[in-house]
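Now for the letters of each chain:
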Amino acid sequence: MKKLLIIVSMTCMCLFADEFVESSTTIGGYGEMHYDMKANDDDGKLDFHRFIFYIKHQFNSQWSLMSEIEVEHNMVGSYYEDCTIDDAGVETCNDGGSLSSKGGYVAMEQAYLNYWNGTWGWKGGVLLVPAGITNEYHEPPTFMSVERPEYNKYIIPTTWFDNGFAFYGTMSDFNWKVAFTGDLDGDAIGAGIRSGRMKGVSSTTTSWTKTVQGSWTGMTGLKIGGSMTMNDAPTAAVAAQDASTDYVPVWNAETGMWDMEEVVTNAEAAIPAGKVGVALSEFNATYAANNLYARMEYGMISYTDNPDGVESSSGYYLDLGYDIAGLVGCGDDTNLYLWMRTSAYNKDDNDDAKEISLFGVMYKPMNNISFKFEAGTAGDDDVMRLGLGYMF
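Just so you know, these numbers come straight off a predicted model, no measurement behind them.

Draft legend 1. Here's a closer look at the overall build of the protein. Helices and strands together make up the secondary structure of the protein, namely four helices and 20 strands. Residues classed as buried in the protein amount to 40% of the 392 residues present. Pairs at least 24 residues apart make up 59% of the contacts formed inside the protein by residues separated by at least 6 positions. Summed over its atoms, the accessible surface of the protein is roughly 21000 Å², and 57% of this surface lies on carbon and sulfur atoms.

This is the structure we're talking about:
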């Protein structure tokens, strides 16, 4: 299987020659800042969540290079001082450590060679897994809410990327894509595949993560699609453990002395390397025309031999909106959406689902800039957020 995939990929790179076209390089990117007014016990949290830039180089009319680097939460690897003030008002500062432990993050989310002849194409490198809508198209002006839908965090984990290659193409109004990317981490699957993403770090191809995606765009403003993703995520072997007895000191408040307490560790048999079967299927639809906006995604994950005992996860969200810019005189090139969302997801289908209800406003003074407000409930928590975003 592996040899066949390599041969097919190499063949695709040398099938066609192209007439000379002058090469060009362009840059782009997107970013978003969020103000969560209910965070930190209503003290609020202001976070420049994402800053992304990409570089594209067009070698000729058919071959190109695409790359994307992401920085989250302002900084990564910076150091800070941990300062305290005593009762006398004297401030003492020590090296507090790295801010990366507080959420900073850098990732190469895309970096691939791309071939496209107008009918079919091939890409190889660091790819986005083509599952759902938001994982491939998550620039802030392209969705209504301040934060990405929670469905796209716990059911289809956005952003989900890995090393691999893909074939794609169009047939009239039908678009298709078949992708092969690195394995998930079977030891980290648990309740949902988010923690099982390898993100291209030491990716393995024991089973390959295989995704088949299709969509139809035969009606103005409407796109209907779906995908299936499958992987036998490998798990690591665990060595046998012999029984042992240790003694640890325990303070005895009655005697005022330390007692030695016996701690017995039972023997455990070796666990051989195995696999966790993961099968994700999802359906989605978007309609955006005549001032109306509607988007729906539904997904279900089934697991086999999951060491955490979780058998399935599922969820959905539905967004409905209406553009009132023309009614209030905002201008021809602007949008002002009033929208609402209903959503529910379950990382373990044996538990109660988390239900989400939001309403909000998105104002776009131009197509690539957005200002957002949303409020509602997510489970037992109240939600109130502001956001701004851009893409270019």
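Draft legend 2. Structural detail: the environment of Glu261. Within the fold, Glu261 resides in strand β13 (residues 257–265). Put simply, Glu261 and Val248 are 13 residues apart on the chain and 5.4 Å apart in space, counted from C-alpha to C-alpha.

Draft legend 3. A look at the nonpolar core. If you look at the biggest cluster of nonpolar residues, it comprises 27 residues, and the most contacted ones within it are Trp160, Leu184, Ile189, Ile193, Val278, Ile301 and Tyr303. At the level of secondary structure, the elements contributing two or more residues to this core comprise β14 (274–289), β15 (292–304), β17 (335–346) and β18 (354–366). Once you skip the residues sitting within four places of it in the chain, Ile193 turns out to touch Ile155, Pro157, Trp160, Leu184, Val278, Ile301 and Tyr303. Formed by eight residues, the second largest nonpolar core is a distinct cluster that contains Trp63, Tyr115, Phe165 and Trp208.

Draft legend 4. Quick peek at the pairing of strand β19 (residues 369–378). Sheet analysis places β18 next to β19, joined by nine bridges and oriented antiparallel. Across the sheet, the residue bridging to Gly360 is Glu374, located in β19. Sheet topology places β19 next to strand β20 (residues 381–391); 10 bridges connect them, and they run antiparallel. Residue Thr377 lies in a different strand from β20, and its bridge partner there is Asp382. Hairpin connection of β19 to β20: two residues between the antiparallel strands, including Gly379 at a positive phi of 65 degrees.

Draft legend 5. Just the side chain of Asn60, in detail. The topology assignment puts Asn60 in the loop between β2 (45–58) and β3 (63–72). A residue is classified by how much of its surface remains accessible, and Asn60, at 15% relative accessible area, is buried. Separated by 2.8 Å, the side chain of Asn60 and the backbone nitrogen of Gln62 make a polar contact. Within the structure, Asn60 has its side chain in polar contact with the backbone nitrogen of Trp63 (distance 2.8 Å).

Draft legend 6. Structural view of the packing of aromatic side chains. Here the structure, examined in full by the defined rule, presents 13 aromatic pairs. Between Tyr293 and Tyr337 the ring centres are 6.1 Å apart and the planes differ by 65 degrees, which places this aromatic pair in the edge-to-face class. Of this pair, Tyr293 sits in strand β15 while Tyr337 sits in strand β17, and the two are 44 residues apart along the sequence. What makes Tyr293 buried here is its relative accessible area of 8%. Members of the aromatic cluster, each reached through a chain of ring pairs, are Phe165, Phe167, Phe180 and Trp208. Directly above the ring of Tyr168 sits Lys177, whose terminal nitrogen or CZ lies 5.9 Å from the centroid. In this structure, Lys372 is placed above the aromatic ring of Phe143, and the distance from its NZ or CZ to the ring centre is 4.0 Å.

Draft legend 7. A look at a negative patch on the surface. Together, Asp41, Asp42, Asp43, Asp380, Asp381 and Asp382 give the surface a local cluster of negative charge. Where the negative patch is concerned, the elements lending two or more residues are α2 (39–42) and β20. If you trace the backbone, Asp381 turns up in strand β20.

Draft legend 8. Summary view of the pattern of salt bridges. Taken as a whole, this structure holds nine salt bridges when the rule is applied. Arg50 is paired through a salt bridge with Glu32; the nearest N and O atoms lie 2.7 Å apart. Of this pair, Arg50 sits in strand β2 while Glu32 sits in strand β1 (residues 24–36), placing them 18 residues apart in sequence. Here Arg50 matches Glu32 in class, with each residue buried.

Reading guide: rules and limits
- Residues numbered from 1 in each chain as written.
- Predicted model: local features only at pLDDT ≥ 70, side-chain atom pairs only at ≥ 80, totals over all residues.
- Heavy atoms only, no water.
- Helix = DSSP H or I, 4+ residues; strand = E, 2+ residues; numbered from the N terminus.
- Buried < 20%, exposed > 50% of the residue type's maximum accessible area, 1.4 Å probe, protein only.
- Contact = heavy atoms within 4.5 Å.
- Areas by Shrake-Rupley, 256 points an atom, 1.4 Å probe, with all protein chains shown as cover.
- Core = buried A, V, L, I, M, F, W, Y, C linked by side-chain atoms within 4.5 Å.
- Pairing = 2+ DSSP bridges.
- Polar contact = N/O pair within 3.5 Å; in protein donor to acceptor, adjacent residues only side chain to side chain.
- Phe/Tyr/Trp six-rings, centres within 6.5 Å; stacked < 30°, edge-to-face > 60°.
- Lys NZ or Arg CZ within 6 Å of the ring centre and 35° of its normal.
- Patch = residues over 30% accessible without salt bridge, like charges linked within 9 Å, V, L, I, M, F, W, Y side chains within 5 Å.
- Salt bridge = Lys/Arg side-chain N within 4 Å of Asp/Glu carboxyl O.
- Lys, Arg positive; Asp, Glu negative; His and termini not counted.
- Charge placed at Lys NZ, Arg CZ, Asp CG, Glu CD.

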